[in-house]
Amino acid sequence: MVETSAPNEKPQATENRQEKLEKPIASPRKKITKRETPVRVQPSKVAGPARAKSSDQASKTVSSVTQGLRAQAQTVSEVARDHPGTTTSVLGVVGVLGFFLGLLVGRALTDNERHRWY
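Residues numbered from 1 in each chain as written. Predicted model: local features only at pLDDT ≥ 70, side-chain atom pairs only at ≥ 80, totals over all residues. Heavy atoms only, no water.

(A) Main features of the overall build of the protein. When helices and strands are tallied, the protein shows three helices and zero strands. If you list the helices and strands of the protein from N to C, you get α-α-α. In the protein, which comprises 118 residues, the proportion classed as buried is 0%. When the accessible surface of the protein is summed, it comes to about 11200 Å², and 60% of that surface belongs to carbon and sulfur atoms. (Helix = DSSP H or I, 4+ residues; strand = E, 2+ residues; numbered from the N terminus. Buried < 20%, exposed > 50% of the residue type's maximum accessible area, 1.4 Å probe, protein only. Areas by Shrake-Rupley, 256 points an atom, 1.4 Å probe, with all protein chains shown as cover.)

(B) Examining the packing of aromatic side chains more closely. Applying the stated criterion to the full structure yields one aromatic pair. Geometrically, the ring pair formed by F99 and F100 is edge-to-face, given 5.5 Å between the ring centres and 70 degrees between the ring planes. Take F99: its relative accessible area is 52%, and that puts it in the exposed class. (Phe/Tyr/Trp six-rings, centres within 6.5 Å; stacked < 30°, edge-to-face > 60°.)

(C) A look at a nonpolar patch on the surface. A cluster of nonpolar side chains, V96, F99, F100 and L103, forms an exposed patch at the surface whose accessible area comes to about 380 Å². Turning to its location among the elements, F99 is positioned in helix α3 (residues 84–109). (Patch = residues over 30% accessible without salt bridge, like charges linked within 9 Å, V, L, I, M, F, W, Y side chains within 5 Å. Salt bridge = Lys/Arg side-chain N within 4 Å of Asp/Glu carboxyl O.)

(D) Structural view of the confidence of the model for the protein. Averaged over the protein, the pLDDT score is 76; the fraction of residues at 70 or greater is 64%. Element-level mean pLDDT values for the protein span from 64 in helix α1 (residues 6–46) up to 93 in α3. (pLDDT = per-residue confidence, 0-100.)

Structural data, given as structure tokens:
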């Protein structure tokens, strides 16, 4: 009978390949983690309580802006639901105007001396 040791060798071969690939990556990983730590610590040392106040104020401002946008979107969607025909007409007219505006801008930006519409 023939003994096969190939199944045992395959996992070892893949482990060796993985180790060979991880060795060059390990050094840059260590460097990155060393450099990330001072960046994380630095803002808290520099800003302190002033940073906390500004972040709270920014959070409140963003929250109020988001609520305002949500209310406006709700109003627009209610009007669109109440008047579907008008909404369709307005969107159609805006689409056609946008198409023709695009044609005009495209024609103005071309370098051809002779412009033909066919």
